[in-house]
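Inside the fold
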Amino acid sequence: MENLNELLEGNENWANSIKKINPEFFKKLALQQTPQYLWIGCSDSRVPANEITGTLPGAIFVHRNIANVVQLTDYNMLSVVYYAVKYLEVQHIIVCGHYGCGGVQAAMSSKSYGFIDGWLSNIKNVQRLHQEQLDALETEAQRADRLVELNVMEGVRSLSEISFIQEEWKKGKFPKIHGLVYSLKDGMLKDLDVTADCPECVAPALRYQLD
Ligand code: CO
């Protein structure tokens, strides 16, 4: 691949195909965005939020990083969440992991990946917290799949810990924070049923007094 021609041609075809169905689509979208969802997913090229949910531009506000880690000292992630919650007023936050996640597999191994080790330590800590449960599983593949799920659940829990999220919950029932896992094998999303939407969803030690 010597240049970007493939991408630019693809873009032209895509824009034309949308304009054919809805000539006003881009004009309307240029004026404002009103997404209902914030997506926190893995950077993996096989898990693009819009495509796998069959949605168009404008539907999902997106943040992606290696292995969809929610880390509360990450100002990039926190700024995205703050803007989505306070300004866009999204009703749903989705933490989406995926089976076969290279970041999770790397975190499970004892191999050093240099600079990325610090980032992967977040997942290593999830592993440490649930070591017993993971050790009880028979195969490495099962342990990897479970760690993908646990990492998502930990992400939902960490988001629930944010004071400005708890502030929103005091006002109403949004945002709801969901944990999903995507399967590369069949393209399907699975709901882990760990939705958090109230201060009571959070351990007492992590609740803020917000009056
Ligand atoms: Co991944």
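Everything that follows concerns the structure shown earlier in this document.
The present account deals with the structure reproduced in this document. From a predicted model like this one, the values you see are computed outputs, not experimental measurements.

So, about the overall build of the chain. A tally of regular secondary structure across the chain gives nine helices and five strands. From first element to last, N terminus to C terminus, the chain shows the α and β order α-α-β-α-β-α-β-α-α-α-α-α-β-β. Among the 211 residues that make up the chain, the fraction classed as buried is 40%. Sequence-distant contacts, at least 24 apart, represent 63% of the contacts inside the chain between residues at least 6 apart. Accessible surface computed for the chain: about 12400 Å², of which carbon and sulfur atoms make up 53%.

On to the coordination of the cobalt ion, then. Where a metal carries four tetrahedral donors, each ideal angle is 109.5 degrees; where it carries six octahedral donors, the ideal angles are 90 or 180 degrees. Cys 42 (SG), His 98 (NE2) and Cys 101 (SG) make up the full set of protein donors to the cobalt ion, lying at 2.1 to 2.3 Å. All donors of the cobalt ion come from a single chain, and their spacing in sequence reads C-x55-H-x2-C. There is no split in this pair, since His 98 and Cys 101 are both buried.

Here we take up the nonpolar core. In terms of nonpolar packing, the biggest core is built from 43 residues, with Leu 38, Val 81, Ile 93, Leu 159 and Ile 165 touching the most fellow members. Secondary structure elements with two or more residues in this core: strand 1 (37-42), helix 4 (75-87), strand 3 (92-98), helix 5 (102-108), helix 6 (117-129), helix 8 (140-160), helix 9 (163-171) and strand 4 (176-182). In terms of residues, this core owes the most to one element, helix 8, which gives seven residues. Residues within four places of Leu 38 in sequence aside, it is in contact with Phe 61, Val 62, Val 80, Val 81, Ala 84, Val 90, His 92, Ile 93 and Ile 94.

The next thing to look at is the sheet that holds strand 5 (residues 189-191). Within a sheet, adjacent strands bond to each other through the backbone by hydrogen bonds, running parallel or antiparallel. Taken together, the five strands give an open sheet; going across it, the order is 2-1-3-4-5, and neighbouring strands pair in mixed fashion. The open sheet has two edge strands, strand 2 (60-65) and strand 5, and neither has a second partner. Taken pair by pair, the neighbouring strands of this sheet meet at an average axis angle of 25°, ignoring direction. Bridging between strand 1 and strand 2 involves six bridges; their strand directions are parallel. For Ile 40, the partnering residue across the bridge sits in strand 2 and is His 63. In the packing of helix 8 onto the sheet, the strands contacted are strand 1, strand 3, strand 4 and strand 5, and the crossing angle to strand 4 comes to about 165°.

Within the fold, Ala 15 resides in helix 1 (residues 5-21). Taking relative accessible area as the criterion, Ala 15 reaches 13% and is therefore assigned buried. A sequence separation of ten residues divides Ala 15 from Phe 25, and the C-alpha atoms of the two residues are 9.7 Å apart.

The next thing to look at is the pattern of salt bridges. As enumerated under the stated definition, the model contains ten salt bridges in all. In this structure, Glu 161 engages Arg 157 in a salt bridge whose closest nitrogen and oxygen atoms are separated by 2.9 Å. Among the salt bridges present, the one from Glu 168 reaches Lys 171, with a minimum N-O distance of 3.0 Å. Of this pair, Glu 168 and Lys 171 both sit in helix 9, separated by three residues, roughly a single helical turn. Lys 171 gets classed as exposed once you look at its relative accessible area, which sits at 62%. When salt bridges that share partners are traced, they join Lys 86, Glu 167, Glu 168 and Lys 171 into one network.

With an omega dihedral of 0°, the bond running from Phe 174 to Pro 175 counts as a cis peptide bond. Along the polypeptide, Pro 175 turns up in the loop between helix 9 and strand 4. Phi at Glu 89 is positive, roughly 55°, even though this residue is not glycine. Overall, Glu 89 belongs to the exposed group, its relative accessible area being 56%. For Asp 193, which is not glycine, the phi torsion reads 55° and is therefore positive. If you trace the backbone, Asp 193 turns up in the segment after strand 5.

Burial analysis of strand 1 places five of its six residues in the buried class, the great majority of the element. The pairing of strand 1 with strand 3 spans five bridges and is parallel. Its bridge partner lying in strand 3, Tyr 37 is registered against His 92.

Conventions we followed
Residues numbered from 1 in each chain as written. Predicted model: local features only at pLDDT ≥ 70, side-chain atom pairs only at ≥ 80, totals over all residues. Heavy atoms only, no water. Helix = DSSP H or I, 4+ residues; strand = E, 2+ residues; numbered from the N terminus. Buried < 20%, exposed > 50% of the residue type's maximum accessible area, 1.4 Å probe, protein only. Contact = heavy atoms within 4.5 Å. Areas by Shrake-Rupley, 256 points an atom, 1.4 Å probe, with all protein chains shown as cover. Donors = N, O, S within 2.8 Å, 3.2 Å for Na, K, Ca; no water. Core = buried A, V, L, I, M, F, W, Y, C linked by side-chain atoms within 4.5 Å. Pairing = 2+ DSSP bridges. Axes fitted to C-alpha atoms, helices over the stretch in contact; angles between N-to-C directions. Salt bridge = Lys/Arg side-chain N within 4 Å of Asp/Glu carboxyl O.

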